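Letter by letter, the chains look like this.
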Amino acid sequence: MRTLADTALALVSSGRGILAADESVRTMSQRLEGENIPATEENRRLYRELLVSTPGLSDLVSGVILCDETLRQHASVGDIEMPFAEACHRWGILPGIKVDTGTSALAGAPGALVTEGLDGLRGRLAEYAAMGAAFAKWRAVIDVTAATDYALSANAHALARYAALCQEQGLVPIVEPEVLCSGAHDIDVCAAVSDRALAAVFAELEAQRVDLGGIVLKPNLVTPGLDATPASAEEVAAATLAVLDRRVPPAVPGIAFLSGGHDNDAACRYLAALNVEAGEPSWNLTFSFGRALVSDALHQWGGEEASRAGAQAVLLANCTRAAGAVAGRAPAPLSA
Ligand code: 13P
């Protein structure tokens, strides 16, 4: 029988990474409309099917994170329609499911958010596992301007409750404390907040008896804010590694970074430098990018069947660059 540790390792080893395609119905609809594609349920389905059915994707991508709507939809494998999770397994990619229900204002903490979704979570996880999901995701959102100890500990507590419930139901939890890179702060601010966020998360994971060998950590890269002067890839790698070395126990099998608003080129340069700088770390260092992999493909598709293969080629190219970064190769400069 496949253990949690087996699944976690399958997600983060072999030089592959995770594709995040779990935008909520609302966010996905906005992204479709941004490309002048009608935001219908069928178009959201077609888009996810286009992504995950890309020929060759499973050489680069170990898992895909979906949302509730997609997991309840069907996809075509050849001529055969089947539930999405089953189709992912056929394509050689583990299906995962975003299980948080978004953020709300944290009472008594102006500007801070807390992630919701614990009510009824045990039952939902059991249902997702029965539908074929192998892992789950929960994202905590931390703005550097509102990162009080209270906000960090409320979010860490919820992340650990989610992680413990996932493991109870046989799903590997992706534990995602995202320190946002919106703003003009410098890299030291991001490093300090990321350090405190991870300290709070691992204290709660331990207190709530989460098996660290059966999780995947999904943090932000440590960078300056997007409105500040960018740092070099080497600076990002050194700052990120310093935080990880201090806060992430070696029992964690893998760290899969979010892209957080950095484009494919920047995110891949940072990840490549990180893998070079890290040498042979105890954890696998890979990607769990959303926008850095899919934005170009969505634009290329434009809702047109005739553009489907072209969009898949664009996705594959971005995933190839990300997998190259896992192997320590900086992406080739983009042609104009
Ligand atoms: P981005 O890589 O676009 O930040 O998304 C990753 C993700 O899954 C956020 O929860």
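Preceding this paragraph is the structure being described.
Residues numbered from 1 in each chain as written. Predicted model: local features only at pLDDT ≥ 70, side-chain atom pairs only at ≥ 80, totals over all residues. Heavy atoms only, no water.

**Q** Account for the overall build of the chain, with residues named and values stated.
**A** A tally of regular secondary structure across the chain gives 12 helices and 12 strands. A globule of 336 residues ought to have a C-alpha radius of gyration of about 20 Å, and the chain, at 19 Å, matches this closely. Projecting the C-alpha coordinates of the chain onto the three principal axes gives extents of approximately 50 × 50 × 40 Å. Classification of the 336 residues of the chain by burial places 57% in the buried group. At a minimum sequence separation of 6, the contacts of the chain that also span at least 24 residues come to 78%. Carbon and sulfur atoms make up 52% of the accessible area of the chain, which totals about 13500 Å². Taking the 25 positively charged and 40 negatively charged side chains of the chain as two groups, their mean positions are separated by 3 Å. (Helix = DSSP H or I, 4+ residues; strand = E, 2+ residues; numbered from the N terminus. Rg over C-alpha atoms; globule rule 2.2 N^0.38 Å. Buried < 20%, exposed > 50% of the residue type's maximum accessible area, 1.4 Å probe, protein only. Contact = heavy atoms within 4.5 Å. Areas by Shrake-Rupley, 256 points an atom, 1.4 Å probe, with all protein chains shown as cover. Lys, Arg positive; Asp, Glu negative; His and termini not counted. Charge placed at Lys NZ, Arg CZ, Asp CG, Glu CD.)

**Q** An account of the state of the cysteines is needed here, citing residue identities and associated values.
**A** Scanning the model with the defined rule gives zero disulfides in all. In this structure C190 is not part of a disulfide, and its nearest cysteine sulfur, from C181, lies 7.3 Å away. Using a relative accessible area of 1% as the deciding quantity, one classes C190 as buried. (Disulfide = S-S within 2.5 Å.)

**Q** Describe unusual backbone geometry, naming the residues involved and giving the relevant values.
**A** The residue S14 is not glycine, and still its phi comes out positive at about 60 degrees. Note on placement: S14 falls in the loop between α1 (4-12) and β1 (17-20). Owing to a relative accessible area of 63%, S14 belongs among the exposed residues under this scheme. At R209, a residue that is not glycine, the phi angle is positive and equals roughly 60 degrees. Along the chain, R209 falls in the loop between α8 (187-207) and β10 (216-217).

**Q** Which residues make up the site of the ligand, and what are the values?
**A** As a matter of local geometry, the ligand sits amid 13 residues, with K137, K218, S259, G260 and R291 nearest to it. One of the side-chain N or O atoms of K218 is found 2.6 Å from an oxygen atom in the ligand. When isolated, the ligand has an accessible area of 300 Å², and the protein chains bury 91% of it. (Near = heavy atom within 4 Å. Polar contact = N/O pair within 3.5 Å; in protein donor to acceptor, adjacent residues only side chain to side chain.)

**Q** Before we move on, could you go through the nonpolar core and cite the residues and values that matter?
**A** Grouped together as the largest cluster of nonpolar side chains are 118 residues, with contacts concentrated most on L51, Y162 and F289. Apart from residues no more than four positions distant in its own chain, Y162 is found in contact with V99, L118, L121, A136, K137, W138, P173 and I174. If you look at the next biggest cluster of nonpolar residues, it comprises seven residues, including A112, V114, A151 and A154. (Core = buried A, V, L, I, M, F, W, Y, C linked by side-chain atoms within 4.5 Å.)

**Q** Could you give an account of the pairing of strand β2 (residues 61-66), with specific residues and numbers?
**A** Across the six residues of β2, six count as buried, placing the element largely inside the fold. As judged from the four bridges shared by β1 and β2, these two strands associate in the parallel manner. Residue pairing in the sheet places A20 in a bridge with I65 of β2. Taken together, the four bridges between β2 and strand β5 (residues 94-98) define a ladder with parallel strand orientation. If you follow L66 over to β5, its bridge partner there is I97. (Pairing = 2+ DSSP bridges.)

**Q** Describe the packing of aromatic side chains, naming the residues involved and giving the relevant values.
**A** Overall, the coordinates contain three aromatic pairs when judged by the stated rule. Ring centres of F287 and F289 lie 5.7 Å apart, and the angle between their planes is 40 degrees; this geometry places the pair in the tilted category. Each of the two residues, F287 as well as F289, counts as buried. (Phe/Tyr/Trp six-rings, centres within 6.5 Å; stacked < 30°, edge-to-face > 60°.)

**Q** Which residues make up the packing of helix α7 (residues 149-168) against α8, and what values do they have?
**A** Packed helices, taken two at a time, are described by their axes: the angle between them and the distance between them. At a minimum axis distance of 8 Å, the contact between α7 and α8 shows a crossing angle of 40 degrees. For the element pair α7 / α8, the angle class is oblique. Where α7 crosses over α8, the handedness of that crossing is right-handed. Across the interface between the two elements, D149, L152, A156, H157, L159, A160 and A163 of α7 pack against R196, A197, A200, V201, E204 and L205 of α8. Tallied by class, residues from the contact of α7 with α8 come to nine nonpolar, one polar and three charged. (Axes fitted to C-alpha atoms, helices over the stretch in contact; angles between N-to-C directions. Parallel < 35°, antiparallel > 145°, perpendicular 65-115°, else oblique. Left-handed = near helix turned anticlockwise from the far one by under 90°. Nonpolar A, V, L, I, M, F, W, Y, C, P; charged D, E, K, R; others polar.)

**Q** Mind laying out the side chain of T223, listing which residues take part and the relevant values?
**A** Its location among the elements puts T223 in the loop between β10 and α9 (233-247). At a separation of 3.3 Å, a polar atom in the side chain of T223 contacts the side chain of H262. Not counting residues up to four positions away in its chain, the partners in contact with T223 are C181, H185, I187, C190, V236, H262 and Y270.

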